[in-house]
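# Close look at the chain arrangement
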Amino acid sequence: MKPFVFQWQPDGSSLKEYTIAGQGAHHVISIAESMYRSLLPDVVVAQACAHGPE
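Residues numbered from 1 in each chain as written. Predicted model: local features only at pLDDT ≥ 70, side-chain atom pairs only at ≥ 80, totals over all residues. Heavy atoms only, no water.

### Some words on the overall build of the protein
If you tally the helices and strands in the protein, you get 3 helices and 2 strands. Secondary structure of the protein in N-to-C order comes out as α-β-β-α-α. Relative to the globule expectation of 10 Å for 54 residues, the C-alpha radius of gyration of the protein, 13 Å, shows a markedly less compact shape. Projecting the C-alpha coordinates of the protein onto the three principal axes gives extents of approximately 40 × 25 × 15 Å. Evaluated residue by residue, the protein yields a buried proportion of 20% over its 54 residues. Considering only contacts within the protein whose residues lie at least 6 apart along the sequence, 24% involve residues at least 24 apart. Counting every atom, the protein has about 4300 Å² of accessible surface; 64% of that belongs to carbon and sulfur. (Helix = DSSP H or I, 4+ residues; strand = E, 2+ residues; numbered from the N terminus. Rg over C-alpha atoms; globule rule 2.2 N^0.38 Å. Buried < 20%, exposed > 50% of the residue type's maximum accessible area, 1.4 Å probe, protein only. Contact = heavy atoms within 4.5 Å. Areas by Shrake-Rupley, 256 points an atom, 1.4 Å probe, with all protein chains shown as cover.)

So this is what it looks like as structure tokens:
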């Protein structure tokens, strides 16, 4: 989801990443996409844990 979230703008900057539930949007969207694609629950949980608060 990073290419979707961080789209290049004509001036060379990238779009501002919005947050969802306190996380970068690409984290939440990636986890939702994994669930939509029926990845194994253990994989989804591991992905979610790798994108926790720092």
